[in-house]
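# Per-entry structural report
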Amino acid sequence: MQQKIRAKFQEYFKTEGSVFASPGRINLIGEHTDYNGGFVFPGAIDKGMIAEIKLNGTDKIRAYSVDLDDYAEFGLTENDLPKAGWAKYIFGVCREIIKRGGEIHGFDTAFAGDVPLGAGMSSSAALESTYAFALNELFQLGIDKFELAKIGQSTEHNYVGVKCGIMDQFASIFGKAGSLIRLDCRSLEYKYFPFNPKGYKLVLLDTLAKHELVDSPYNKRRESCERVAAKLNVEFLRDATLEMLEGVKPEITEEDYMRAKYVIGEVQRVLDVCDALEAGDYETVGQKMYETHYGMSKLYEVSCEELDFLNDVAKECGVTGSRVMGGGFGGCTINLVKDELYDVFIGKAFADYKAKFGFEPKMYPVVISDGSRQLA
Ligand code: ADP
Ligand code: MG
């Protein structure tokens, strides 16, 4: 991919620039925990964005999207917002740097990536992190890594209209090969844990399902969580225990009870998985992944037929761990699979899924890899 971008950059701009890369991410466990003040547990993957960049001595940005075969040219002031969706990410990152007092000027750039778009691996964060990291280096801005992640997050909020948390950009910038990162969504403290599943593969299976639900299920679940937290006199459900929840069970609705039970369990599961990883115990990791899937399906009720189907196939095949990844209602399952089971599992998942739904899922093997970096 790097060769391809170099060739394109040469063709477009007749010169050579510096090359930067930032990855997409997975989240091993810790779903719907972020807005409950709990933990998430992401890692960067071996799929990402690569950009070549050279300062051009003007205040204009000239950018090529190699994959979309599209070009955009825009300035650096607030009313220069480009029309192309992909260019808004680059523009947003520039604006967020400028808002923070960073002095940047025009540049020529071309970029491409291999994070599947909209599949739950955060191609958008890979794109933002690439430019945030690169511009910080090229203009020697001295912005710390956490602030670079926030620049990406603010780009989504202010220039794309997606009110995301910090996890995706954080994982893209802070990722490390062989490590997952436990991020405390309340304090923003983080810690690396070893993830070297020798003898196992990590693979995502994409249901290709996207169930748009009309009655804003996310907001409803957030409200359930907030109601129970208030009842328990805690700031977030992260501070509650199952015992505390049992104590108020008669005073809350059955639905709120189920939602809170899932969240409290999930916060604990992240901690359990971290302990298991420190002991190299991947069987326990897998067990917790299944527990998360069960909770998201039966208690939090954010799964769907397609996801449950793939989870069942994993279980039938004896796959070590499997669960829905991301917010739910479609998207991918993430699967921790022993090497010797891999071909059988993938074969069965494809065949059975096609027999049931009429088309095959997509698969994305992933390896936990390094975060943002300069390649050349
Ligand atoms: P995801 O869940 O993958 O982050 P988003 O919808 O948030 O999905 O972001 C996808 C958007 O990011 C695309 O519509 C496009 O604007 C931009 N994007 C991602 N990957 C690329 C790419 N390789 N080339 C150009 N634009 C990209
Ligand atoms: Mg995104």
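Residues numbered from 1 in each chain as written. Chains lettered and ligands numbered in written order. Predicted model: local features only at pLDDT ≥ 70, side-chain atom pairs only at ≥ 80, totals over all residues. Heavy atoms only, no water.

## As for helix α2 (residues 85-99)
Compared with an ideal rise of 1.5 Å per residue, which puts 15 residues at 21 Å, α2 spans 21 Å between its outermost C-alpha atoms and is within 8% of the ideal. Along α2, the residues that are buried comprise W86, A87, Y89, I90, F91, G92, V93, C94, R95, E96 and I97. In this fold, the buried residues of α2 make contact with β4 (61-65), β5 (70-74), β6 (107-113), α3 (123-138) and α4 (145-160). Phi for G101, located one or two positions after α2, is positive at around 95°. (Helix = DSSP H or I, 4+ residues; strand = E, 2+ residues; numbered from the N terminus. Expected span 1.5 Å × (residues − 1). Buried < 20%, exposed > 50% of the residue type's maximum accessible area, 1.4 Å probe, protein only. Contact = heavy atoms within 4.5 Å.)

## Quick notes on the domain arrangement of the protein
Taken domain by domain, the protein comprises domain 1 (2-195 + 370-374) and domain 2 (200-365). The C-alpha centroid of domain 2 is placed 28 Å from the C-alpha centroid of domain 1. At the interface, 30 residues of domain 1 touch 42 residues of domain 2. Counting across the domain 1 and domain 2 interface gives 5 salt bridges. One salt bridge connects D239 with R186, and the closest N-O pair in it is separated by 2.9 Å. Mapped by element, the contributors of at least two residues to the side of domain 1 that touches domain 2 are β1 (18-27), β3 (42-55), β7 (179-184) and β8 (190-194). The residue inventory of the side of domain 1 that touches domain 2, partitioned by class, reads 13 nonpolar, 9 polar and 8 charged. (Domains from an automatic or database assignment. Salt bridge = Lys/Arg side-chain N within 4 Å of Asp/Glu carboxyl O. Nonpolar A, V, L, I, M, F, W, Y, C, P; charged D, E, K, R; others polar.)

## Describing the packing of helix α6 (residues 217-231) against helix α8 (residues 254-278)
Their axes nearest at 9 Å, the elements α6 and α8 cross at an angle of 85°. Between α6 and α8, the interaxial angle falls into the category roughly perpendicular. Contact with α6, carried on its side by R221, S224, C225, R227 and V228, involves D256, R259, A260 and V263 of α8 and no other residues of that element. Broken down by class, the residue content of the contact of α6 with α8 amounts to 4 nonpolar, 1 polar and 4 charged. (Axes fitted to C-alpha atoms, helices over the stretch in contact; angles between N-to-C directions. Parallel < 35°, antiparallel > 145°, perpendicular 65-115°, else oblique.)

## Some words on the site of ligand 1
Neighbouring ligand 1 are 16 residues; D67, G118, S122, S123 and S124 lie closest to it. A distance of 2.8 Å separates an oxygen atom of ligand 1 from a polar backbone atom of G118. S123 has a polar side-chain atom sitting 2.7 Å from an oxygen atom of ligand 1. Among the secondary structure elements, those contributing two or more residues to the shell around ligand 1 are α2, β6 and α3. (Near = heavy atom within 4 Å. Polar contact = N/O pair within 3.5 Å; in protein donor to acceptor, adjacent residues only side chain to side chain.)

## Section: the nonpolar core
Counting residues in hydrophobic clusters, the biggest one holds 99 residues, and the most contacted among them are I26, L28, F41, Y131, F195, L202 and L237. Looking at which element gives the most residues to this core, the answer is α8, with 12 residues. Within the second largest apolar cluster, 16 residues are counted, among which are A314, A349, Y353 and F357. (Core = buried A, V, L, I, M, F, W, Y, C linked by side-chain atoms within 4.5 Å.)

## Looking at the sheet that holds β4
Taken together, the 6 strands give an open sheet; going across it, the order is β5-β4-β6-β3-β1-β13, and neighbouring strands pair in mixed fashion. Both edges of this open sheet fall to β5 and β13 (373-374), since each of them pairs with a single strand only. Pairing between β1 and β3: 9 bridges, direction antiparallel. Counted as the bridge partner of R25 is A44 from β3. The sheet strands contacting helix α1 (residues 2-13) are β1, β3, β4 and β6, and the helix crosses β6 at an angle near 145°. Across the sheet, α2 is in contact with β4, β5 and β6; its angle to β5 comes to roughly 30°. (Pairing = 2+ DSSP bridges.)

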